[in-house]
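One-letter residues, chain by chain:
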Amino acid sequence: MTLAEVFLIGIGLSMDAFAVSVGKGLGMPRIDRRVALALAVSFGIFQAGMPVLGWALASSFADAIRSIDHWIAFVLLAIVGGKMLLDAIRGDGEGEDGGASGGLSLGELMMLSVATSIDALAVGVTFAALGVSPFPAVVIIGVTTFALSLAGVALGNRFGSIFERPAAAVGGVILIGIGVKVLVEHLSTGM
C-alpha cells in the first residue's frame with residue numbers, strides 16, 4: 001500500500017469526524033477553541049488507535065486468511081464506505097445530532113470519538129489481511145483526522161451544514177474506491 005493510498009484512507013476515515021465537527025461548529029455562536037481542540041485531539045487519537053486494535057486482532061489469524069485477504073479488504077472497505085455514502089444520501093449520521101449544542105461533555109466526546117472511529121477498526125483488519133504495518137499509517141490517519149476535525153468546526157461555524165453530507169459521501173466513495181483497487185490488483189496478479 002502506497003503512502004498516497006494511506007493518506008486517502010486517512011481522509012476517508014476522517015470524514016465522519018469532519019461531519020461531526022461541522023455539526024458541533026454549527027451549534028457554536030462563536031468558535032469555542034477548547035471544544036474544537038478537544039474534538040480534534042480525541043478524534044485523532046481514536047482514529048489512529050482503532051486501526052492498531054483491528055490489526056492486532058486480525059494479525060493472529062492473518063496466515064489462515066491470506067488466500068482470501070483481498071476479498072476481506074474489499075468487503076470491509078466497501079461496507080464501511082457504502083454505509084458512509086448511504087448515510088450521507090439519507091441524511092443519517094453522527095454530525096446531524098452533534099450540532100445541537102456548542103458545548104461538549106466528556107461522555108459525549110467519548111461516544112462521538114468511538115462512533116466516528118469504528119470504521120478505522122475495520123481498516124486495521126484490512127491492514128493485517130494485506131500484511132501492511134499499521135504504524136506509519138496511524139500517524140497519517142491521526143494527523144489527518146486532527147486537522148480535518150479542526151477545519152470542520154471552523155467550517156461548520158462559518159458556513160453552516162452545507163458540507164456535512166458531501167464530506168461523508170466523499171469519504172465513502174474514497175473507501176469503496178480503495179477497496180475496488182485492492183481487489184482488482186490482487187485478482188489481476190493472481191494472488
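Please refer to the structure higher up on the page.
Before going into details, it helps to say that this report is about the structure given with it. Not measured: the values here are computed from a predicted model.

## Focus on the overall build of the chain
Now for step 1: A count of helices and strands for the chain gives eight helices and zero strands.
Now for step 2: Starting at the N terminus and ending at the C terminus, the chain contains elements arranged as α-α-α-α-α-α-α-α.
Now for step 3: For the chain, the residues scored as buried account for 47% of the 191 residues in total.
Now for step 4: Considering only residue pairs separated by 6 or more positions, the chain has 94% of its internal contacts joining residues 24 or more positions apart.
Now for step 5: Surface exposure of the chain reaches about 8900 Å², of which carbon and sulfur atoms provide 72%.

## Notes on the environment of A115
Now for step 1: Looking at where A115 falls in the secondary structure, it is placed in helix α6 (residues 106-130).
Now for step 2: Between the alpha carbons of A115 and F43 there is a distance of 9.8 Å; along the sequence they are 72 residues apart.

## Some points on the packing of helix α2 (residues 33-59) against α6
Now for step 1: Here α2 crosses α6 at 35°, and the two axes come no closer than 6 Å. Here α2 and α6 pass one another in a crossing that is right-handed.
Now for step 2: Classifying every residue of the contact of α2 with α6 gives 19 nonpolar, eight polar and no charged.

## Side note on the packing of α2 against helix α7 (residues 134-159)
Now for step 1: At a minimum axis distance of 8 Å, the contact between α2 and α7 shows a crossing angle of 155°. Judged by the angle between their axes, α2 and α7 are roughly antiparallel. As for the relative orientation of α2 and α7, their crossing is right-handed in sense. Between α2 and α7, the contacting residues are A36, L37, L39, A40, V41, F43, G44, Q47, A48, P51, V52 and W55 on the first element and P134, F135, V138, I141, G142, T145, F146, S149, L150 and V153 on the second.
Now for step 2: Split by residue class, the contact of α2 with α7 holds 17 nonpolar, five polar and no charged.

## What about α2?
Now for step 1: Between its terminal C-alpha atoms α2 stretches 39 Å, which fits the 39 Å expected from 27 residues at 1.5 Å a residue.
Now for step 2: Near the N-terminus of α2, the side chain that reaches the backbone nitrogen of R34, with its oxygen 3.0 Å away, is that of D32.

## Looking at a nonpolar patch on the surface
Now for step 1: Where nonpolar side chains cluster on the molecular surface, the patch consists of L37, V41, I45 and L150 and spans about 320 Å² of accessible area.
Now for step 2: With three residues, α2 is the largest single contributor of residues to the nonpolar patch.
Now for step 3: Assignment of secondary structure puts I45 in helix α2.
Now for step 4: A residue is classified by how much of its surface remains accessible, and I45, at 54% relative accessible area, is exposed.

## Thoughts on the pattern of salt bridges
Now for step 1: According to the stated counting rule, one finds two salt bridges in the structure shown.
Now for step 2: The partner of E108 in a salt bridge is K24, and the shortest N-O contact between them spans 3.3 Å. A residue pair is termed long-range when its members are at least 10 positions apart, and E108 in helix α6 and K24 in helix α1 (residues 3-26) qualify at 84 residues.

Scoring rules and cut-offs
- Residues numbered from 1 in each chain as written.
- Predicted model: local features only at pLDDT ≥ 70, side-chain atom pairs only at ≥ 80, totals over all residues.
- Heavy atoms only, no water.
- Helix = DSSP H or I, 4+ residues; strand = E, 2+ residues; numbered from the N terminus.
- Buried < 20%, exposed > 50% of the residue type's maximum accessible area, 1.4 Å probe, protein only.
- Contact = heavy atoms within 4.5 Å.
- Areas by Shrake-Rupley, 256 points an atom, 1.4 Å probe, with all protein chains shown as cover.
- Axes fitted to C-alpha atoms, helices over the stretch in contact; angles between N-to-C directions.
- Left-handed = near helix turned anticlockwise from the far one by under 90°.
- Nonpolar A, V, L, I, M, F, W, Y, C, P; charged D, E, K, R; others polar.
- Parallel < 35°, antiparallel > 145°, perpendicular 65-115°, else oblique.
- Expected span 1.5 Å × (residues − 1).
- Polar contact = N/O pair within 3.5 Å; in protein donor to acceptor, adjacent residues only side chain to side chain.
- Patch = residues over 30% accessible without salt bridge, like charges linked within 9 Å, V, L, I, M, F, W, Y side chains within 5 Å.
- Salt bridge = Lys/Arg side-chain N within 4 Å of Asp/Glu carboxyl O.

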